[in-house]
Amino acid sequence: MSKVEHRGFGSPDEVRSFEKGKAEIVKINGGVVGRFTLEPGWKWSKHVKPIAKTDWCEAPHFQYLASGRLHVVMSDGREMDMQAGDVSYLPAGHDAWVVWNEPAVLVDWAGATHYAEK
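Cut-off values and rules
- Residues numbered from 1 in each chain as written.
- Predicted model: local features only at pLDDT ≥ 70, side-chain atom pairs only at ≥ 80, totals over all residues.
- Heavy atoms only, no water.
- Salt bridge = Lys/Arg side-chain N within 4 Å of Asp/Glu carboxyl O.
- Helix = DSSP H or I, 4+ residues; strand = E, 2+ residues; numbered from the N terminus.
- Buried < 20%, exposed > 50% of the residue type's maximum accessible area, 1.4 Å probe, protein only.
- 1 Å grid on protein atoms, 1.4 Å probe; cavity = no way out; pocket = protein on both sides within 12 Å on 5 of 7 lines; lining within 4 Å.
- Points joined across faces, edges and corners; volume = space filled by probe spheres on them.
- Nonpolar A, V, L, I, M, F, W, Y, C, P; charged D, E, K, R; others polar.
- Polar contact = N/O pair within 3.5 Å; in protein donor to acceptor, adjacent residues only side chain to side chain.
- Contact = heavy atoms within 4.5 Å.
- Phe/Tyr/Trp six-rings, centres within 6.5 Å; stacked < 30°, edge-to-face > 60°.
- Pairing = 2+ DSSP bridges.

Draft legend 1. Structural detail: the pattern of salt bridges. Going through the model one piece at a time under the given rule, you end up with five salt bridges. Taking the shortest distance from any N to any O, the salt bridge between Arg 35 and Glu 24 comes out at 2.8 Å. With Arg 35 in strand 3 (residues 31-38) and Glu 24 in strand 2 (residues 21-28), this residue pair connects regions lying eleven residues apart in the sequence. According to the relative accessible area criterion, Glu 24 is buried, its value standing at 7%. Asp 76 is the partner of Arg 78 in a salt bridge, and the nearest nitrogen-oxygen pair spans 2.8 Å. Residues participating in the shared-partner salt-bridge network are Glu 14, Arg 16 and Glu 117.

Right, here's the structure in full:
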């Protein structure tokens, strides 16, 4: 029988802060779930790229946008707008930024393991 686990973002295992944002990391059952809070004006290529040291975000994301809005550009030129309530999968090779004047809060089940890790 599998072990039952219960965790919350009220006491994350790790908080990775970066300019205009933070990633709260919860480790559970051998996996990692991240909650990203991104402030108005946040842009991956401006605020996380210097940490990642890659041209595009190489973390694949399977995520739920709990609040706010994001614009995403893929390295192949495809673009999309996301709003609160959307679920998305983004493969490696993208940039994104907060649209409008409210924070974007995402819950990510795939790309949090090394996101914004210094």
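Draft legend 2. Focus on the layout of surface pockets. What the largest pocket holds in volume is close to 200 Å³. Along its surface, the largest pocket is lined by 16 residues, and Ala 59, Gly 111, His 114, Tyr 115 and Ala 116 are the ones closest to its centre. Split by residue class, the lining of the largest pocket holds ten nonpolar, four polar and two charged.

Draft legend 3. Up close: the side chain of His 61. Along the polypeptide, His 61 turns up in strand 4 (residues 61-67). Within polar-contact distance, the side chain of His 61 engages the side chain of His 94 at 3.5 Å. A polar contact of 2.3 Å, which involves the side chain of His 61, links it to the side chain of Asp 108. Apart from the residues lying within four places of it in its own chain, the contact partners of His 61 are Phe 36, Ser 88, Tyr 89, Leu 90, His 94, Asp 108, Ala 110, Gly 111 and Tyr 115.

Draft legend 4. Just the packing of aromatic side chains, in detail. Enumeration over the complete set of coordinates arrives at three aromatic pairs. Relative to Tyr 115, the ring of Phe 18 lies with its centre 6.2 Å away and its plane at 70 degrees, an arrangement referred to as edge-to-face. With a gap of 97 residues between them, Phe 18 in strand 1 (residues 14-18) and Tyr 115 in the segment after strand 9 (104-108) connect regions that are remote in the sequence. Here Phe 18 and Tyr 115 have matching classes, each one buried. Ring geometry for Phe 36 and Tyr 115: centres 4.5 Å apart, planes at 20 degrees, overall stacked. In this pair, Phe 36 is assigned in strand 3 and Tyr 115 in the segment after strand 9, connecting sequence segments 79 residues apart. Take Tyr 115: its relative accessible area is 6%, and that puts it in the buried class. Each residue in the set Phe 18, Phe 36 and Tyr 115 is aromatic and connected to the rest through ring pairs, giving one cluster.

Draft legend 5. Highlighting the pairing of strand 3. Strand 3 sits mainly inside the fold: six of its eight residues count as buried. Pairing geometry for strand 3 and strand 9, over five bridges, is antiparallel. Along strand 9, the bridge assignment pairs Leu 38 with Ala 104.

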